[in-house]
Amino acid sequence: MASLSIRKLCKRYESTEILRDINLEIADGEFVVFVGPSGCGKSTLLRSIAGLEAISGGELTIGGKRMNEVPAAKRGIAMVFQSYALYPHMSLYDNMAFGLKIAGKSKAEIDAAVQKAAKILHIDHLLDRKPKQLSGGQRQRVAIGRAITREPSVFLFDEPLSNLDAALRVKMRLEFAKLHATLKTTMIYVTHDQVEAMTLADKIVVLSGGRIEQVGSPHQLYHHPANRFVAGFIGSPKMNFIEGTVARIDHQYVHVALPGGVQAVSVLPGSLKVSDTVTLGVRPEHLQIAAGGPIAARVTALESLGDHAHLYAEASGAAEGLIVRIPDDEQHSHGEALALVADPERCHLFDAEGQALVRVKLQQAA
Ligand code: ADP
């Protein structure tokens, strides 16, 4: 087990900067998820930690020891790739034993390690099989099992569930949570799937364009996103955004003029002034249909999900349209005009640079 510390890390390929000024502390035993859109640098950061990429600047320590010059094999880490990278001609047993044989471990030590890992992953009845005789989920377990046998101080997982179908992904996600609870080893997990990030992580690191946008618990990122990017990335369906201007500021609310009226938002005004351009952010579950509400919308589609429905609407100021979570039995027709209101205590406000204003509830909790 080990903590990690990343200070001012940067990575360039020739003149292209891929990672910029990455600062991150990972505690011993933490489950940390790197999340962000494709191409944001998640894998490069993971590979830099693994030692598969040399970093261009900054420092990386694992368990307090500087790792910049330490080769991958000596970092005490084990990495599991999306592609599984199993040897097709070897049995599962031999696939899992291979690294230990190379490391010169005794037969008894190897057997104990393989059996233990196989038991944890429920593949102990499959050890004689070859990889091609397994399902995708079972192959992924073997790749994880091989990592476990090495008893690393840090596990690195690079999009490990991407090749599995939706149902298996959900199952394996739970297996990862159990694995972490059992092993209690530091784990770093890369995904572009924010549901995986929300459900697995103690701590989520949101990356965009080679920079860290925000680091926090799933709860912090969901309820207190630091900026518009994180607000739009975390949460499914996405947060709604509506452009407006500051109409009035009083001791309780910032009042925002929207195309259909004025919406109160419970945030600290910071340096906001009347007439400043702002963006209202409100999640689908915090928007309500209410006669006279400040958001004038028109229904474009309805999606029934059984216990609730999603109403899609267009509204001026909302370039991407709006999504409203409504009870499943509500009737609406295509083209119907609606007025909506956001819950003032639960909506978000972003300034012209996309930075979030501090929500009053957060201030009270501090
Ligand atoms: P992610 O894992 O978030 O999808 P990556 O870390 O794989 O993103 O890639 C980040 C960026 O670095 C991308 O723009 C990618 O094209 C670029 N990149 C990755 N590897 C190389 C390389 N060997 N040479 C040049 N550019 C690279």
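Residues numbered from 1 in each chain as written. Predicted model: local features only at pLDDT ≥ 70, side-chain atom pairs only at ≥ 80, totals over all residues. Heavy atoms only, no water.

Novice: Looking at this structure, I do not really get the site of the ligand. What am I missing?
Specialist: What surrounds the ligand is the set Tyr 13, Ile 18, Pro 37, Ser 38, Gly 39, Cys 40, Gly 41, Lys 42, Ser 43 and Thr 44. Gly 39 is positioned with one of its backbone polar atoms (N or O) 2.7 Å from an oxygen atom of the ligand. At 3.1 Å from an oxygen atom of the ligand is found a main-chain nitrogen or oxygen belonging to Cys 40. Within the complex, the protein chains bury 55% of what would otherwise be the 560 Å² of accessible surface of the ligand. With three residues, helix H1 (residues 42-50) is the largest single contributor of residues to the shell around the ligand. (Near = heavy atom within 4 Å. Polar contact = N/O pair within 3.5 Å; in protein donor to acceptor, adjacent residues only side chain to side chain. Areas by Shrake-Rupley, 256 points an atom, 1.4 Å probe, with all protein chains shown as cover. Helix = DSSP H or I, 4+ residues; strand = E, 2+ residues; numbered from the N terminus.)

Novice: Is there a simple way to think about the layout of surface pockets in this case?
Specialist: A water-sized probe rolled over the atoms picks out the places where empty space is left. Quantified by volume, the largest pocket comes out at close to 440 Å³. Every residue lining the largest pocket is counted, 21 residues in all, and those nearest its centre are Ala 78, Met 79, Phe 81, Arg 146 and Arg 150. For the lining of the largest pocket, the secondary-structure elements that each account for two or more residues are strand E6 (77-80), helix H2 (92-102) and helix H4 (136-149). Within the lining of the largest pocket, the residues separate by chemical class into 17 nonpolar, two polar and two charged. (1 Å grid on protein atoms, 1.4 Å probe; cavity = no way out; pocket = protein on both sides within 12 Å on 5 of 7 lines; lining within 4 Å. Points joined across faces, edges and corners; volume = space filled by probe spheres on them. Nonpolar A, V, L, I, M, F, W, Y, C, P; charged D, E, K, R; others polar.)

Novice: Mind showing me how you'd approach the pairing of strand E4 (residues 57-62) here?
Specialist: Across a regular strand the side chains alternate sides, sitting on one face of the sheet and then on the other. With five bridges joining them, strand E1 (residues 4-13) and E4 adopt antiparallel strand pairing. The residue of E4 that forms the bridge with Ser 5 is Thr 61. Where E4 meets strand E5 (residues 65-66), two bridges bridge the pair, whose relative direction is antiparallel. Paired with Ile 62 across the bridge in E5 is Lys 65. (Pairing = 2+ DSSP bridges.)

Any functional reading would require information beyond the geometric quantities listed.
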